[in-house]
Amino acid sequence: MNTSARLPLKLSLLAVSCALALSVAQAQQNSQTQDDATPASDNKKSDKDIEIISVKGIRRAQEAAIDVKRAASNIVDSIVAEDIGKLPDATIADSLQRITGVQIDRTAGEGSSLNVRGMPQVLTTLNGEQFLSPWSITNVQANYSDIPSAMISSVDVHKSMPASMIAGGISGVVDLKTRKPLQMSQGWTASAGVEGSRGSITEKDNHDANAFVGFNNGDIGFTLAAFNSNSNSANYQMYEDSRMAWPNAGGDPTDLNGNGNTVNDRFLVPAGYGVKAYVMEREREGFAGSLQKVLNSSWTASAEVFYTKMDQFDRGIETQFNGSNNSNYDVLRPGSVLTEEATVPGIGGAPDRVLHSLQVAVIEAPDFQATTRSRQNHTDAVNTNLQLNFDDGGPFTGSVRYVYATAEKVYEDATFQQGTPAWYWIDADNNGQNDPRDPFNVTVDFRTEYPTFSYTDNLSGVDRLNLYQAYAYGIKDEASMDAFRADGKYEYELGNFSSFEFGARVGTRDVDTTRYDYLTPTGRYSTWQDPSVDPDLWFQMLPGDKVWQRYPDWRDFKGDGNLGLPAATDLQSQLISYTDFGPFKGFESGVAGLDPKSLDNLAQFMDFVYPGAQKFNDPAKAYNVEERSTSAYFQGNFDDAIGIWGIPYSGNVGLQVVRTDRTVVQSEVPLYYEEGNHFGGGADGSQSWNSVFKATGTKVTEVDFTDYLPSANINFFPHDDVVVRFSYAKTMSRNDLVNVGEGLTLWYQQYTVTDADGTERTVTSAGGGNDQGNPNVKPWRAVNYNSSAEWYFAEGGILGAGIFLIDVKSATETLQEQRQYADSDGVIRRSVNVWTTKNVGASDLKGFELGYKQSYNFLPEPFNGLGSELNYTYSDSESTDKDLEGNPFPLQSNSKHQYNAVLWYQAGPFSTRVAYNWRSKQFNGRVGLNTNEAPISLGNWARDAGYLDASINYDPNQHLTVYLQGTNLTETNQRSYAQFESQFHSMSVQERRITLGVRARL
């Protein structure tokens, strides 16, 4: 029995039981008050009519969030800002993780994306309509790292969807809300805040400033908000690509574990052994504005704009001891610690494969590389909205709305490598003959909290790192989105139906993706006295388009007379000894590298190292996707005060029909190298890694599909303070457009074949590839069933439970399949593994939720300022994909168990809050295991993790708040393993952050 997995459930049940006892006590104490509470019929009020007036403080924010949930016609949870510009946590994602069933992912310690009830297929909207987030241009879910929390007033997480809601989320819809001018208090409203923060590892000062001003005279209103922030976060990582040792030998030729079996043993090993030491700097700014005007007694006009911009720099040094000799991954030596894990049965006469995990690696690495790197993301987005609302007091109300948005994201990556490759032989003993380089003897221990490295070589200078190489590339995503919609509601009594809602929407999303590489004019027939090359061509530059290289030949800092290259003294003078590798030990003596900031300007840096370097677009990675969706819905809203067996009820039932027309434009490129069809590639086109194909044309694919999405929500009111809900809905979620548009790219290798007459010759063969874009892939589709019971036992108090089933009918998965491609001579000889995207069979996700919130204002002073929030989610899923032992994988990003515990206190000018979030192990997808044998399905699992946050607020007067906030106080890190818990896969170090801020308001 897995007792550790059941522990969170036991703790949550115990906590809820204790909370229930307190709740009952207060419910009895306030029974008369409850009898005078809002009648059940008022609970039928549409969630569209709910207005959140500005609130202040933890208590009022919790009460407002509960009011939204209670009044909604569907199952929804909310968070509400504690003050203007102040959500409960540092980021939107961090705040959302407090909601039952919401799990988040982090980048450099900051919440960035989420899933609902274990699925990331979640639509994010802005004020009820789709918007463009530049970090997720190709997807429908926002990346919350570029959305400032200071500009959001509240967030609703819809777990059941009515027909009137925009379609696009499988497990939920997250609606971000900004402040509406005419919903604010009349007169002027203004606030401003500034805060500084510092991380426990980076120890750099960060700032965040925001301001808000609004005006409302009842007839016209406007809001303006702006923000600016700069942050630095530790991003120290280890990520070990999994490989199979000795793949070309078909076993263990060295009998490394000494069991005498050299045929069946297989060892999971990293492709390389090293550390990534980065610091992520984020510079963010933006503004939001809105204007509302009452035109007459029937019409109100609104206009909104929401602009965000971010420049993110992830700079640092990487170290890597090579785990391979000629792609054979054969560097393990005696003394390594290995554990037998599983046996993969042989197929078609192949032997069984006995897999071993690696805990301590004693290696003889052929070479070492120190890599300086600057990874950048530059984003901006503008989302606008124009809207007219009609309400003349009669039975019909309606609105027309036009939304337009543009977004751009540019990712750029510059790399500078130093090392001494194993093939670089030198005359070390001055005997006139070149000698192989000495290997690096290294021990890596993965068993410790932070893996450690032991070696004796000096890596801080150019003695052993005397060669260098630089390269750079970028990816540019541009998108536009527009939508026109009209919605209406007509109050009309028809049986138990009281009103009907209807509407239509036409929207278009257009995405262009381009990849570019900086190619260098450095290609030569040979850089050494290659006997296979005509001696007259040794060291000579290649002609025409062949001169370009994506990955230039390695150069020596001391220069090369044969190549006419002088010593790179200017470049060498910029080298530093990098010693900051965070908690990863072994590199304290320093590693040579450049200042990573010197790589920020890609064009300038590449031209400095390789004069004449130019930017070339790669047509194989370019695509355009346009998706046009046309939808219409009809929804009937019903209620019955008498109800069933005297139990009143209300709800809605409806149908939304969505037609999607997709047009995909992809560049066509050759499969093999021929004269004139590529840039670079070497003298004979054999250097596939060093080339860019030229486009030969375009391929246009047009696809359409229609989804019929019925839904029903019914809410029963057995008591004034109890709501029991049931819901049903068919849902769909659009694909990531990378999985729709990206074209086929292959990587190549050469090998020798023998003809029938005994003649040997070299041919080029595909070695693997990526065909991730599938224009015909269908969206995710599912049927959702939900039920919940909610007891509103006091003001600001709720005890709830819910069950859910998400029956996924069609999913999308990226997986490997074996394909055959002809060799360069037109003969098919081999099968290769190619990554592709496909629709896969049905799966489902099921579970339950428990939630409790309460303000303990019935307790005697000073305890009457206490309040708490507890929730637990169990979500279990099984996909059709299985691991090597036949166990089904869950849906990606899902954790089976999650709980939140929040304790807060508010009394007079003082308030404080402590929050803890825990989730069990998380499935992150398959391990990309490269092997020449039949594919082996391994899962990438993140270990369970808990995060502790806290805040203290003090109001010296009604216009001023001073606050202190701490996030990840326990310095929890993210660590993952490859299928077996003892097989290290990756680790991301996350620092503690302390923030001190002040907020002023009118």
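Caption draft 1: Looking closely at the overall build of the protein. A count of helical and extended segments in the protein gives seven helices and 51 strands. Here the C-alpha radius of gyration of the protein, 31 Å, is about what a compact globule of 1002 residues would show, namely 30 Å. Taken along the three principal axes of its C-alpha coordinates, the protein extends 100 × 60 × 55 Å. Across the 1002 residues in the protein, those meeting the buried criterion constitute 58%. Long-range contacts, defined here as pairs at least 24 residues apart, represent 73% of the contacts in the protein between residues at least 6 apart. Accessible surface, the protein as shown: approximately 40000 Å² in total, 52% of it carbon and sulfur. Positive and negative charge centroids in the protein, built from 82 and 123 side chains respectively, lie 3 Å apart.

Caption draft 2: Focus on the nonpolar core. Ranked by internal contacts, the top residues of the largest apolar core, which has 42 residues, are Tyr-273, Phe-321, Leu-332 and Ile-363. Breaking this core down by element, the ones donating at least two residues are strand 13 (265-270), strand 15 (276-294), strand 16 (299-322), strand 18 (353-365), strand 19 (368-391), strand 21 (440-445), strand 28 (591-593) and strand 50 (984-988). The dominant element in this core, judged by the number of residues it contributes, is strand 18, at four residues. Membership of the second largest hydrophobic core comes to 26 residues, among which are Leu-87, Val-116, Leu-126 and Ala-288.

Caption draft 3: Layout of the sheet that holds strand 4 (residues 122-126). Pairing in this open sheet of five strands is mixed, and the strands run 1-6-7-4-5 from one edge to the other. Only two strands of the sheet have a single partner each, and these edge strands are strand 1 (76-80) and strand 5 (129-130). With respect to the sheet, helix 3 (residues 58-71) is in contact with strand 1 and strand 6 (154-158), its orientation differing from that of strand 1 by roughly 155 degrees.

Caption draft 4: Inspection of the pattern of salt bridges at higher detail. Scanning the model with the defined rule gives 54 salt bridges in all. A salt bridge links Arg-315 to Asp-600; the shortest N-O distance between them is 2.9 Å. Note that Arg-315 is positioned in strand 16 and Asp-600 in the loop between strand 28 and helix 6 (602-609), a separation of 285 residues in sequence. The exposure classification of Arg-315 matches that of Asp-600, with both residues buried. When the shortest N-O distance is used, the salt bridge between Glu-817 and Lys-838 registers 2.7 Å. Taken together, the residues Glu-817 in strand 39 (residues 797-820) and Lys-838 in strand 40 (residues 831-840) connect sequence positions 21 residues apart. Salt bridges sharing common partners tie together Lys-69, Asp-77, Arg-117, Lys-159, Arg-725, Glu-790 and Glu-849.

Caption draft 5: Representation of the side chain of Ser-399 within the structure. Note on placement: Ser-399 falls in strand 20 (residues 396-419). Residue classification places Ser-399 among the buried positions, given a relative accessible area of 17%. Dropping the residues within four chain positions of it, Ser-399 is found in contact with Gln-387, Leu-388, Asn-389, Arg-485, Ala-486 and Asp-487.

Caption draft 6: Seen up close, unusual backbone geometry. A cis amide bond, omega 0 degrees, links Glu-861 with the succeeding residue Pro-862. Among the secondary structure elements, Pro-862 is positioned in the loop between strand 41 (843-855) and strand 42 (866-878). Even without a glycine there, the phi angle at Glu-971 is positive, about 50 degrees. Relative to the assigned elements, Glu-971 resides in the loop between strand 48 (960-967) and strand 49 (974-978). The class of Glu-971 is partly exposed, set by a relative accessible area of 28%. If you check the backbone angles, Gln-979 has positive phi at about 65 degrees while not being a glycine. With respect to the helices and strands, Gln-979 occurs in the loop between strand 49 and strand 50. On the basis of relative accessibility, which here comes to 12%, the residue Gln-979 falls in the buried class.

Caption draft 7: Broad picture of empty space enclosed by the protein. Applying the stated criterion across every chain yields a total of 10 cavities of 30 Å³ or more. Roughly 760 Å³ of volume is contained in the largest cavity. For the largest cavity, the lining is made up of 41 residues, of which Ala-90, Thr-91, Glu-110, Glu-195 and Asp-208 are closest to its centre. Counting residues per element, the ones that place at least two in the lining of the largest cavity are helix 4 (92-96), strand 8 (187-199), strand 9 (205-216), strand 10 (220-234), strand 47 (945-957), strand 48 and strand 51 (993-1001). In terms of residue count, the dominant contributor to the lining of the largest cavity is strand 10 (five residues). Split into classes, the residues belonging to the lining of the largest cavity amount to 11 nonpolar, 18 polar and 12 charged.

Caption draft 8: The packing of aromatic side chains, seen in detail. Under the definition given, this model contains 44 aromatic pairs. Aromatic pair Tyr-649 and Phe-716: ring centres 5.8 Å apart, planes at 55 degrees, arrangement tilted. Highlighted residues: Tyr-649 in strand 31 (residues 647-668) and Phe-716 in strand 34 (residues 697-719), separated in sequence by 67 residues. Taken individually, Tyr-649 and Phe-716 each receive the classification buried, so the pair is uniform in this respect. Where Phe-716 meets Phe-726, the ring centres are 6.2 Å apart and the plane angle is 80 degrees; that geometry is what we call edge-to-face. Of this pair, Phe-716 sits in strand 34 while Phe-726 sits in strand 35 (residues 722-733); the two residues are 10 residues apart in sequence, bridging distant segments of the chain. Looking at Phe-716, the relative accessible area reads 17%, which means it is buried. Judged by relative accessible area, which is 38%, Phe-726 ranks as partly exposed.

Caption draft 9: Looking closely at the environment of Asn-715. Tracing the backbone through its elements, the reader meets Asn-715 in strand 34. Distance from Asn-715 to Tyr-872, taken between C-alpha atoms, is 23 Å for residues 157 residues apart in sequence. Setting aside residues no more than four positions away along its own chain, Asn-715 makes contact with Ala-72, Ser-73, Pro-648, Tyr-649, Ser-650, Val-723, Val-724 and Arg-725. Among the polar contacts made by the side chain of Asn-715, one reaches the side chain of Arg-725 at a distance of 3.3 Å.

Caption draft 10: Structural view of helix 3. With 14 residues, helix 3 should reach 20 Å at 1.5 Å per residue; the first-to-last C-alpha distance of 20 Å fits that figure. Judged by how many residues are buried, helix 3 sits mostly within the fold: 12 of 14 residues are covered. Within the span of helix 3, buried status applies to Ile-58, Arg-59, Ala-61, Gln-62, Glu-63, Ala-64, Ala-65, Ile-66, Val-68, Lys-69, Arg-70 and Ala-71.

Caption draft 11: Structural view of helix 6. Leu-602, Phe-605, Met-606 and Val-609 are the residues of helix 6 that are buried. Each buried residue of helix 6 sits inside an arc of 95 degrees when the element is viewed along its axis, so together they form one side. Buried positions along helix 6 lie against strand 19, strand 20, strand 23 (467-494), strand 24 (497-521) and strand 26 (555-556).

Caption draft 12: Up close: the side chain of His-985. If you trace the backbone, His-985 turns up in strand 50. If near-sequence neighbours (up to four positions away) are discounted, His-985 is found in contact with Met-238, Tyr-239, Glu-240, Ser-242, Val-927, Asn-940, Ser-976, Tyr-977 and Ala-978.

Caption draft 13: Highlighting a nonpolar patch on the surface. On the surface, a nonpolar cluster with roughly 700 Å² of combined accessible area is contributed by Leu-295, Trp-299, Leu-386, Leu-388, Val-400, Tyr-402, Tyr-404 and Phe-484. With three residues, the top contributor of residues to the nonpolar patch is strand 20. Within the secondary structure, Tyr-404 sits in strand 20. Residue classification places Tyr-404 among the partly exposed residues on the basis of a relative accessible area of 36%.

Cut-offs and rules
Starting afresh in each chain, residues are numbered from 1 along the sequence in its written order. With the structure being a predicted model, the display of local features is reserved for residues of pLDDT at least 70 and the display and counting of side-chain atom pairs for 80 or more, all residues being used for whole-chain, interface and lining totals. Side-chain measures were taken over the full set of non-hydrogen atoms in the model, leaving aside hydrogen atoms and water. Put simply, DSSP H or I for four residues or longer makes a helix, DSSP E for two residues or longer makes a strand, and each gets a number counted from the N terminus. Both definitions apply: the radius of gyration is a C-alpha atom measure, and the globule rule equals 2.2 Å times residues to the power 0.38. Throughout, exposure labels follow a simple rule: accessible area from a 1.4 Å probe, protein chains only, divided by the maximum for the residue type, with under 20% read as buried, over 50% as exposed, and the rest as partly exposed. Any two residues whose heavy atoms approach within 4.5 Å at even a single point are treated as in contact. Residue-level accessible areas treat just the shown protein chains as cover; the underlying method is Shrake-Rupley with a 1.4 Å probe. Residues scored as charged are limited to Lys and Arg (positive) and Asp and Glu (negative), so that His and the chain ends carry no count. Positions of charges follow a simple convention, taking NZ of Lys, CZ of Arg, CG of Asp or CD of Glu. The definition of a nonpolar core used throughout is a set of buried Ala, Val, Leu, Ile, Met, Phe, Trp, Tyr and Cys residues joined through side-chain atoms within 4.5 Å. One requirement defines pairing of two strands: DSSP has to find at least two bridges between them. For helices, the axis comes from a line fit to the C-alpha atoms of the stretch in contact; other axes are also lines fit to C-alpha atoms, and the angle between any two N-to-C directions lies between 0 and 180 degrees. The term salt bridge refers to a pairing of a side-chain nitrogen on Lys or Arg with a carboxyl oxygen on Asp or Glu at a separation within 4 Å. Buriedness of a pocket was judged along seven lines, with at least five required to meet protein on both sides within 12 Å; pockets are open sets of points on a 1 Å grid over the protein atoms alone, cavities are sets where a 1.4 Å probe fits but cannot get out, and lining residues have an atom within 4 Å of a point. Grid points are joined across faces, edges and corners, and a volume is the space filled by probe spheres set on the points. Throughout this entry, Asp, Glu, Lys and Arg are counted as charged residues, while Ala, Val, Leu, Ile, Met, Phe, Trp, Tyr, Cys and Pro are counted as nonpolar. The remaining residues, Gly among them, count as polar. Only the six-membered ring of Trp is used, alongside the rings of Phe and Tyr, when aromatic pairs are assigned; centres must lie within 6.5 Å, and planes under 30 degrees apart are stacked while those over 60 apart are edge-to-face, with the rest tilted. By the criterion applied in these results, polar contacts are pairs of N or O atoms within 3.5 Å in which, for protein atoms, one can donate a hydrogen and the other can accept it, and in which residues neighboring in sequence qualify only through two side-chain atoms. What a helix should span is 1.5 Å times the count of its residues minus one. Read the arc as the range of directions from the helix axis to the C-beta atoms. The patches reported here contain residues having more than 30% relative accessible area and no salt bridge. Joining distances are 9 Å for like charges and 5 Å for nonpolar side chains (Val, Leu, Ile, Met, Phe, Trp, Tyr).

By themselves, these figures tell us nothing about what the structure is for.
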